[in-house]
Amino acid sequence: MPVTTTSAAIHITPVVFKTFLKHAKRKGVKYKDGDGTVQGWDDILYDEAFHIVKAFIEFGTRNTVESLQAFTNTHVPAPFWCAVVPVKIPLSSCNKAADALIEWFGPEELKHVVGGERWWQIRGLEWIDGEWITEKAFLEDSGHKHHDKLSEEENTILRMEHLDRVMLYVHGGAYFWGSINTHRYQVIRYARKMHGRAFAVNYRKAPQYPWPCPLQDVLAAYFYLTSPPPGSVHKPVHPSKLVFAGDSAGAALCLTVLTVLRDLGLPQPAGAVLISPWVDLTHSFPSVMQNTDTDIIPPHGFIHKPSPLWPVNPKSEGGYTRAIPTKTNPPPQPGHTDKLKPDNERLMDQVEQRLQQSAEAGKEIHSVDLQEPSEDILPQKDMQREDNDDPPATGSSANEGHAQDGQGDPKYDIAMDFWEPKPPKVLMEDPHATPLELLAQIQLYATTEQLSHPLVSPVLQSSLGNLCPLYIIAGDGECLRDEIIYIAHKAAHPTDYPARPGVLREGRRQKENAEKFQTPTKVHLQVFDDMCHVLTVFTFTDCAKYAYRSIAQFVKHVTDNSSEHLLRNPFPELHRPPSEISGSESEDEARPSGKHPSSKFHRSQHAKHPKPASGPLGSADSEGDRTDIELYRSNEATAEREVKQGQAEKLPSDTSSRMARGSSGEDIPAVFMIRERVDVLGNVRPMEPAEEIAALRLKPQEIGIIKEKPVRRWLAGQEEWDRKYKRAAENVIRKRKQYEAKAARLLEHAREQGFIHEEIGPRESTVSSSASISSGSVGEIEVERRWGPLDLKDENPPPSAIAGRRDTGEAVALLKKTIYHNAPATHRTVPKLKTSDAVRAVFDPDDHPTKAPQQSVSEQQVHAQVIPMHGLRMWQSLVELFMRKSTKQVQRGKKHASSALHSTSDKISGVGKSPSQSATSTA
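Bear in mind that the values here come from a model prediction, so they are computed numbers and not experimental data.

Draft legend 1. Seen up close, the nonpolar core. Residues Trp-132, Trp-211, Phe-244 and Leu-470 are the most contacted members of the largest nonpolar core, which totals 179 residues. One finds Val-426, Met-428, Ile-706 and Leu-715 within the second-largest nonpolar core, a separate group that totals 15 residues.

Draft legend 2. Structural view of the packing of aromatic side chains. Applying the stated criterion to the full structure yields 22 aromatic pairs. Measuring from centroid to centroid gives 5.3 Å for Trp-104 and Phe-105, while their planes differ by 85°, and the two rings are edge-to-face. Exposure remark for Phe-105: the relative accessible area of 0% places this residue in the buried category. With centroids separated by 5.4 Å and ring planes inclined at 55°, the aromatic side chains of Phe-285 and Tyr-486 adopt a geometry described as tilted. Placement of Phe-285 in the loop between β6 (271–275) and α10 (287–290) and of Tyr-486 in helix α15 (residues 481–492) is noted, with a sequence separation of 201 residues between them. Each of the two residues, Phe-285 as well as Tyr-486, counts as buried. Through successive ring pairs, a cluster of aromatic residues spans Trp-41, Tyr-46, Phe-50 and Phe-538.

Draft legend 3. A nonpolar patch on the surface, seen in detail. A cluster of nonpolar side chains, contributed by Val-839, Val-842 and Phe-843, occupies part of the molecular surface with about 340 Å² of accessible area. Residue placement: Phe-843 occurs in the loop between α26 (835–842) and α27 (871–910).

Draft legend 4. Broad picture of the pattern of salt bridges. Summed over all chains, the structure comprises 38 salt bridges. In this structure, Glu-688 and Arg-677 form a salt bridge, with 2.8 Å as the shortest nitrogen-oxygen distance. Highlighted residues: Glu-688 in the loop between β13 (684–686) and α23 (708–724) and Arg-677 in strand β12 (residues 671–678), separated in sequence by 11 residues. Residue classification places Arg-677 among the buried positions, given a relative accessible area of 12%. Salt-bridge contacts for Lys-816 lead to Asp-847; the nearest nitrogen and oxygen are separated by 2.8 Å. Taken together, the positions of Lys-816 in helix α25 (residues 809–820) and Asp-847 in the loop between α26 and α27 put the pair 31 residues apart, joining distant regions of the chain. Residue class for Lys-816 comes out buried when judged on its relative accessible area of 4%. Overall, Asp-847 belongs to the buried group, its relative accessible area being 17%. Through salt bridges with shared partners, a single network forms among Asp-476, Arg-481, Asp-482, Arg-677 and Glu-688.

How each quantity is defined
- Residues numbered from 1 in each chain as written.
- Predicted model: local features only at pLDDT ≥ 70, side-chain atom pairs only at ≥ 80, totals over all residues.
- Heavy atoms only, no water.
- Core = buried A, V, L, I, M, F, W, Y, C linked by side-chain atoms within 4.5 Å.
- Buried < 20%, exposed > 50% of the residue type's maximum accessible area, 1.4 Å probe, protein only.
- Phe/Tyr/Trp six-rings, centres within 6.5 Å; stacked < 30°, edge-to-face > 60°.
- Helix = DSSP H or I, 4+ residues; strand = E, 2+ residues; numbered from the N terminus.
- Patch = residues over 30% accessible without salt bridge, like charges linked within 9 Å, V, L, I, M, F, W, Y side chains within 5 Å.
- Areas by Shrake-Rupley, 256 points an atom, 1.4 Å probe, with all protein chains shown as cover.
- Salt bridge = Lys/Arg side-chain N within 4 Å of Asp/Glu carboxyl O.

Given below as structure tokens:
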């Protein structure tokens, strides 16, 4: 059963009842035992929501990747009280981003690590979907900004222009699911609380569009905002008015884009908010295994029912297995992947081995087939002693010679075309064991050999210094907790948390960056007690309310103050006098179903009744429910105490004194890192010293390597899925052959219709090819579309990338569109679709006889004909319900507290009075 609203409801409903019963039982036990500790699970709303989300994600793993993608990328209308305007980021912005990445990688790394410079630029759409988001109440009066020549949506964009605080939000979803639709409700809240506008980008996703495709699209969105192409309605957004924000995979993409901008000397945004960033795809930190029960991540990771798309090898066929005891000694070392760009010695060794074993076997031997006599295979401890693949750095001369080894030699270049990395080896728990050898791709986002690349796993960046201010949030119960804590400290202390020597040696930029970027990045790290991955999903909890408030204040602080001011103090908690928080920004998620206040009324009321701050909350905070504001003000005072008590990290005393002299006595200057924990009620406290945190005691050589426990867990899940979906895997093989035949027929018919490409010429009997577009064709050649699926000569795209495949429906749809509808500049003709193909398309639900077929659900939103109540809207409604209940609980608590205070006051005032006086006062 595919992922639909109905199937998800059927799967989740029993979970709701089970959670309720377990919650009641657990609360009863705590009450009986007199346990007064407060935990996140004590809140029935959080308990239910947590298990609903966990159940949905687990249900997604029982379906195909495409099914989960389609469900979470279905277009869902925005709430009526929001201004949401869809836009299309054009190919010109995409090409600008591609040029930046080409410069960052360089030709050698592009060829040997990325697999080329063309395949990742190929896309189905001529744009990237994005949308502007804000509250309708914030829009300027339509009379001042209306242009008759523009559409209503374009005029709405103009009415947002006065909101100069801009958040570029990058959604999460493990790099392969989720969309602007799944995260819109959260983004709306950010826009309201920061009193600004947000821009969300619907980047391409793996496995159809693996790394670096999503990276290119996020970078394109940044260029689209800061340097709008011709025809754009919005004005350029200055980087100083822009903040990156994202969760999970989206947060990691934000961090990666920051490093690219830094390395290329391009302007960075004013700051970045990283919510549960996934920065280590090798799973080398302990919490990945320790926190499974307290997180929403599936127990075996993201494994899925087989489909033509994924996994690349759906079943054991021809002796294929996902992991075997290694058949060769190092290299690579246990825990490491092989080099994608080897030195000359390694290269020649493999050429010799493969040629020798091919001659002995009488067939071509690939690197995966290489083997040594079983009696010669060493145990892990001896492998590590024999050949240290990651030795301590030995100075620049060795590294420089290593990088240049063989380059420019024709024999080296020929041998490099022959080179294949050996399978990665797994670091075993038992040093006497024989390491496992991984033959399957673990993550959907990138090949296993690419996982240790710094633009895939940012935790392996040689330096995270010299970045814009970062506000980093993690849940103490999430699997990614350790790597998030580590990366926050790595950014604030670039020289104290170096990358392992192998990363410095193999990366073109990494050694240079380690020496060049040593200025600490200003970081505010908060770890929330009992919370799971991306705690902001649970908007109704007290700690999440505080998180939203704190994020909004961070955005306002870094965008409202100058760069010189932020050098002294990037933390809003240390701003003096404290920033004003308007009452209109408080918690009001439980939207009434009636009319929303118009923008004109909203502005006029504030103009007539300005409310400057007076006291800790300001007079604007005296009405209604102000829980998040109260929490923020309380935590603001705690941050100041942390600085005074030496619990915040400050720059050296000489630097601090210079900053203090230049700060005109307002902000608390020279603090470069605030480290805090947040309890379930939203109250902060200082974090324990770094030396007491296990994740920060890991050695560089232990980070970014493949370890046994996560691999065993993943393998156990895969074996269970192999048994459960054996028949589905067999069907996948058959379907792939059908799609390959369909793609071959498509190309053959295109040639018959006069299609000309430098790699594919027309048949002799075809019409003249002098015209670029055949008579009757409905397509055109897109000048800005640089490449198509037929332009991959000398390219080596990852196995899952549909640009290089012909065995999935989405790959065929991409091929058809680039031949008959929107051809790249490399095509010389756009042929007319053959009649027989048009007839077939009529009966194909995934095709169309005259229009371009629907492109991959990892890229193009699904526009369902009828959406009575989509699951994403149901989740939004559920969150709103929980918000209302949470708000009522707070209001009841306030009334109870007020009543208790009055009662206490009456009792105190009655002390010492005579009975007659008390009776008189009562009367």
